[in-house]
Amino acid sequence: MDNKITKPEILIQRIVLLMLAILLAVPLGFFGVQLVQASDPYVKSVLSLTGNPVQGHAIFQINCAGCHGLEADGRVGPSLQAVSKHKSRYGLIHQVISGETPPMPKFQPSAQEMADLLNYLESL
């Protein structure tokens, strides 16, 4: 009968092991994502540069203001005020270059242009 009924001690041990596995998997998964993101050559290049927010504002006016408003306060597209509080630097870069959020077009700025735009977005 004992082999059909799980002893409470064994059940507790399994629950503890499962919880430990989950606690280890979460930070390792997060670290893995960060490692992959940091290994992208374009992102590394952008993050190694110092952006100019004035130049970034000009790039924004030409490419983004039609949907996001002249001062990034929203129009057809959402407001980008304080966007850097909601998205990481990688997330902002990815959002701009990926084209994964229709109707936002895929935009491929040079690394310096992206650094400038990133600096401007972070100043909002």
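What counts, and at which threshold
- Residues numbered from 1 in each chain as written.
- Predicted model: local features only at pLDDT ≥ 70, side-chain atom pairs only at ≥ 80, totals over all residues.
- Heavy atoms only, no water.
- Helix = DSSP H or I, 4+ residues; strand = E, 2+ residues; numbered from the N terminus.
- Buried < 20%, exposed > 50% of the residue type's maximum accessible area, 1.4 Å probe, protein only.
- Contact = heavy atoms within 4.5 Å.
- Core = buried A, V, L, I, M, F, W, Y, C linked by side-chain atoms within 4.5 Å.
- Salt bridge = Lys/Arg side-chain N within 4 Å of Asp/Glu carboxyl O.
- 1 Å grid on protein atoms, 1.4 Å probe; cavity = no way out; pocket = protein on both sides within 12 Å on 5 of 7 lines; lining within 4 Å.
- Points joined across faces, edges and corners; volume = space filled by probe spheres on them.
- Nonpolar A, V, L, I, M, F, W, Y, C, P; charged D, E, K, R; others polar.
- Lys, Arg positive; Asp, Glu negative; His and termini not counted.
- Disulfide = S-S within 2.5 Å.
- Axes fitted to C-alpha atoms, helices over the stretch in contact; angles between N-to-C directions.
- Parallel < 35°, antiparallel > 145°, perpendicular 65-115°, else oblique.
- Left-handed = near helix turned anticlockwise from the far one by under 90°.
- Phe/Tyr/Trp six-rings, centres within 6.5 Å; stacked < 30°, edge-to-face > 60°.

## Details of the overall build of the protein chain
- Regarding its fold elements, the protein chain presents six helices and zero strands.
- Along the protein chain, helices (α) and strands (β) appear in the sequence α-α-α-α-α-α when read from the amino end.
- Of all 124 residues assigned to the protein chain, the portion counted as buried reaches 25%.
- Sequence separation of at least 24 residues holds for 53% of the intrachain contacts in the protein chain that already meet a minimum separation of 6.

## Digging into the nonpolar core
- Among the nonpolar cores identified, the biggest contains 21 residues, and Val-46, Phe-60, Ile-93, Met-114, Leu-117 and Leu-121 are the most heavily contacted of them.
- Only helix 2 (41-48), helix 3 (53-63), helix 5 (89-98) and helix 6 (111-123) provide two or more residues apiece to this core.

## Topic: the pattern of salt bridges
- The full count for this structure, using the stated rule, is one salt bridge.
- A salt bridge links Glu-122 to Arg-89; the nearest nitrogen and oxygen atoms lie 2.7 Å apart. Note that Glu-122 is positioned in helix 6 and Arg-89 in helix 5, a separation of 33 residues in sequence.
- Among the residues examined, Arg-89 registers a relative accessible area of 38% and is labelled partly exposed.

## Some remarks on the layout of surface pockets
- There is about 550 Å³ of room inside the largest pocket.
- Around the largest pocket, the lining is made up of 25 residues, and of these His-68, Pro-78, Leu-80, Gln-95 and Met-104 lie nearest the centre.
- Secondary structure elements with two or more residues in the lining of the largest pocket: helix 3, helix 4 (65-68), helix 5 and helix 6.
- Each residue belonging to the lining of the largest pocket can be placed in one class, and the counts come to 16 nonpolar, seven polar and two charged.

## Brief notes about the side chain of Asp-116
- Inspection of the secondary structure assignment puts Asp-116 in helix 6.
- Despite its burial, Asp-116 pairs with no opposite charge; the closest candidate is Arg-89, at 9.8 Å N-O.
- With residues up to four places along the chain from it excluded, the contact list for Asp-116 reads Thr-50, Gly-51, Asn-52, Pro-53, Gln-55, Gly-56 and Ile-59.

## Examining the state of the cysteines
- Scanning all chains against the criterion turns up zero disulfides.
- Between Cys-64, a cysteine without a disulfide, and Cys-67, which holds the nearest cysteine sulfur, the sulfur-to-sulfur distance is 8.8 Å.

## Section: the packing of helix 2 against helix 6
- Between helix 2 and helix 6, whose axes approach to 8 Å, the crossing angle comes to 60°. Judged on the interaxial angle alone, helix 6 and helix 2 are oblique. For the pair helix 2 and helix 6, the sense of crossing is right-handed. Residues Tyr-42, Ser-45, Val-46 and Leu-47 of helix 2 form the contact with helix 6, whose own contacting residues are Ala-111, Met-114, Ala-115 and Leu-118.
- For the contact of helix 2 with helix 6, the per-class residue count stands at seven nonpolar, one polar and no charged.

## Description of the packing of aromatic side chains
- Summed over the entire model, instances satisfying the criterion amount to one aromatic pair.
- Aromatic side chains Phe-60 and Tyr-120 sit 5.3 Å apart centroid to centroid with 50° between the ring planes, which places their arrangement in the tilted category. Remark: Tyr-120 occurs in helix 6 and Phe-60 occurs in helix 3; sequence separation between them is 60 residues. Neither residue differs from the other here; Phe-60 and Tyr-120 are each classed as buried.

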